[in-house]
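Take a look at the letters that make up each chain.
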Amino acid sequence: ANLAKQRVLVRMLACAARQEVGSVADEAFLNRGTDADAVEMTSTGSKPVGRGKKTPSMGREHENLSIALLKALPNLLIQFKGDLAIIPELASLPRFLIPTVYSLPQRKQDYMSLIKNLGEIYLSSSDDRILDNTARSLVSLCDGDHARVAESKAQLRKVVVELRDRVVELMSSDDSTIATSAVSVDPASSDFTSVRSKRRSSARKRTPVSSAHGANSPASEKTSLTEGESDVHDADSEYSIFLNLKRLKILSKKCDLSVFFDDRNNVNQLELLCNFVTDGLKGRLRACTPVDMRTNNDEETTVHKIIDSPEVLGAIGKSVGEGLEFLLCVIGWFTHSVQVSENLVVEDDDLIDDAMKDDDDDNAVENHVVLRLRSRLLSTLELCFAQYILSSEDHGDDDTSVAQHSDSQHTFSDFVQLAAGKVTSDLRTLFPKEYADAASPILRSFALKEDGRLIGAYVRFLDSKEHLLRDNDGAASSAERKLAQSLLYPMGRAVATNWTNGNRREAGMFLRHIGASGPTAADIVTATSRQMKKIDPVRMLESQMASLRQVCFIMCDSFVLSNITPNFASATSVLRELG
């Protein structure tokens, strides 16, 4: 009863504090550190608080409230550390404190306890709300010109370094990851060396290896994913990797992590971490790649190597999803840094005709950190799409030549391909092909031209799931809306962004879902097609014809198989919808 009463009181405190600050602070202060889209969605639902004119008495009330909260928050965070209902509320409150109270000498100890407790909560939590609110509070405390900015940045750097060390230690079980990631790095100067050496020394103490084992011994053929002490141990390790990558991803969405890494001996430590993560993800994806019995005749050996543990596959899939988004965020921050430092504002004046392009500058940017990281991410995305499980229809023969994969393997395949589709779309949006006509050689080098294989892979995946969208016709449940959004939003966003130089076949595949795929799919395709029509109506007409041609081919194939005379009325209705 006392615990329940305390929870109610704390929630009342959190709500009252937000309302009190909202009554005395302006809207900019309340929305600092918040995504613009989130602010817009919140403001449309209710009238924003804090619009009134601020008076000196209101400022004093805000300061008094901030002092009282600063005194109480450190102890409250410790007391309710394991309460998932209260901690998100408490972790969001530091953003509402007025920064001037941080500089008060008598409040220094309270402030240091606050940032320390926030860091510990972030490193030990797995709940999305707690991580998001805590990250926003930690980042907001690093902003401004108050006297404790240095201490805040030092605490946030401890969190980032600890997460980096955890990821390195957990993913270093494969020596190939270390070898490929640490190449060109001086072992004596790299922060990764101490983490790896500690892991190796502890591993030697736990599992001494006999020198009699040769290169062909069974022990040398074991991997951390397919064989080992137990599936539970592997699943736990992979789940830990997933959690720490998620924490890094959430922080990377809030701030530029490169400021917390020291580039020793001209080595970009953040890039080194990204290389390490990509190599670790690639190794896991290769270990999970589906098997085709037509190219793997030794069925007994092949089945033995297939990962079939639902726990391991689920943890690896989550690690891949979080890792891809983390890498995308880092690339986005590096790109933003280049655009700011080079004063590259992409407008119509920054684009030039092909005839005016200076070919001598085409190769001026060859070894840029953005291009290096993007190349690694693209190869990882290709491995994600390589998880596609072929069916008997793909082979054109019976099921005897197709490996029988479990439901967990099919779920893993779908999960990583959906994650890869989202990140591929974001990459194509971040580096549109229109950059190829830019006046700046750096922007020209950033244009993503080598996306053909990724487009084809996602089109193949979407085609394999088309029957699920067709089953949604006339339905609008939450699960069905989520299915249409997860499959069509990424493709629609990338097609609309690159429509000037778009892929007509991809657009045709996308546009044919304007009918018979459910109301959610129809709304997505209709909204996207309107935008495409504004950009280039002629290309839009060509894609409509390509879409109609694909629909007619599908109808003809289905009618031939069922010995029914085709009726093209439904295909014509698709064209009317597109028009």
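In short, a report on the structure. (Residues numbered from 1 in each chain as written. Predicted model: local features only at pLDDT ≥ 70, side-chain atom pairs only at ≥ 80, totals over all residues. Heavy atoms only, no water.)

### Here we look at the overall build of the protein chain
Selection rule: Helical segments are the DSSP runs of H or I of at least four residues, strand segments are the runs of E of at least two, and each set is numbered from the N terminus. Using a 1.4 Å probe on the protein chains alone, a residue whose accessible area is under 20% of its type maximum counts as buried, one over 50% counts as exposed, and one in between counts as partly exposed. Note on contacts: a residue pair is in contact if any heavy atoms of the two residues lie within 4.5 Å. Using the Shrake-Rupley algorithm and a 1.4 Å probe, accessible areas are obtained, with residue cover drawn only from the displayed protein chains.
In terms of helices and strands, the protein chain carries 25 helices and zero strands. Each of the 579 residues in the protein chain was classed as buried or not, and the buried ones make up 46%. A separation of at least 24 residues holds for 79% of the contacts in the protein chain among residues at least 6 apart in sequence. Carbon and sulfur atoms make up 51% of the accessible area of the protein chain, which totals about 29,200 Å².

### So, the environment of lysine 282
Mapped onto the elements, lysine 282 comes out in helix H12 (residues 269–288). C-alpha separation for the pair lysine 282 and cysteine 384, spaced 102 residues apart in sequence, amounts to 8.6 Å. In contact with lysine 282, not counting residues within four places along its chain, are Arg376, Ser379, Thr380 and Leu383.

### Description of a nonpolar patch on the surface
Selection rule: Grouping into patches uses exposed residues only, defined as over 30% relative accessible area, and leaves out salt-bridged ones; the cut-off is 9 Å for like charges and 5 Å for nonpolar side chains (Val, Leu, Ile, Met, Phe, Trp, Tyr). Take a side-chain nitrogen of Lys or Arg and a carboxyl oxygen of Asp or Glu: if they are within 4 Å of each other, that pair is a salt bridge.
Together, Val8, Leu9 and Met12 make up a nonpolar patch on the protein surface, roughly 300 Å² of accessible area in all. Inspection of the secondary structure puts leucine 9 in helix H1 (residues 2–24).

### Brief notes about the side chain of asparagine 117
Along the chain, the position of asparagine 117 falls in helix H6 (residues 108–124). Residues within four places of asparagine 117 in sequence aside, it is in contact with Pro74, Leu77 and Ile78.

### Some remarks on the nonpolar core
Condition: By nonpolar core is meant a set of buried Ala, Val, Leu, Ile, Met, Phe, Trp, Tyr and Cys residues that side-chain atoms within 4.5 Å join together.
Judged by nonpolar contacts, the single largest core of 122 residues is most densely connected at Leu90, Tyr122, Leu251, Leu257, Phe326, Leu381 and Phe446. With residues up to four places along the chain from it excluded, the contact list for leucine 381 reads Leu324, Ala420, Val423, Thr424, Leu427 and Leu454.

### Points about the side chain of serine 408
The condition that has to hold: Each polar contact in these results corresponds to two N or O atoms within 3.5 Å; when the atoms are within protein, one needs to be able to donate a hydrogen and the other to accept it, and residues that are neighboring in sequence are counted only if both atoms are side-chain atoms.
Along the chain, the position of serine 408 falls in helix H17 (residues 407–430). Under the relative-accessibility criterion, serine 408 is labelled buried at 17%. Of note is the side chain of serine 408, whose polar atom sits 2.9 Å from the side chain of serine 406. Among residues more than four places away in sequence, those in contact with serine 408 are Asp308, Pro310 and Leu313.

### Description of empty space enclosed by the protein
Remark: the empty space left among the atoms is shown by a probe the size of a water molecule rolled over them. Going by this rule: Lining residues are defined by having an atom within 4 Å of a point belonging to a cavity or pocket. Those points lie on a 1 Å grid over the protein atoms alone, cavities being sets where a 1.4 Å probe fits but cannot get out and pockets being open sets with protein on both sides within 12 Å along at least five of seven lines. Grid points are joined across faces, edges and corners, and a volume is the space filled by probe spheres set on the points. Amino acids are sorted into nonpolar (Ala, Val, Leu, Ile, Met, Phe, Trp, Tyr, Cys and Pro), charged (Asp, Glu, Lys and Arg) and polar (every other residue, Gly among them).
Counted by the stated rule, this structure contains three cavities of 30 Å³ or more. By volume, the largest cavity is sized at about 80 Å³. The wall of the largest cavity is formed by Gly421, Thr424, Ser425, Arg428, Leu454, Ile455, Tyr458, Pro490, Met491, Ala494 and Glu506. At the level of secondary structure, the elements contributing two or more residues to the lining of the largest cavity comprise H17, helix H19 (452–464) and helix H21 (478–497). For the lining of the largest cavity, the leading source of residues is H17, giving four residues. Here the lining of the largest cavity is composed, by residue class, of six nonpolar, three polar and two charged.

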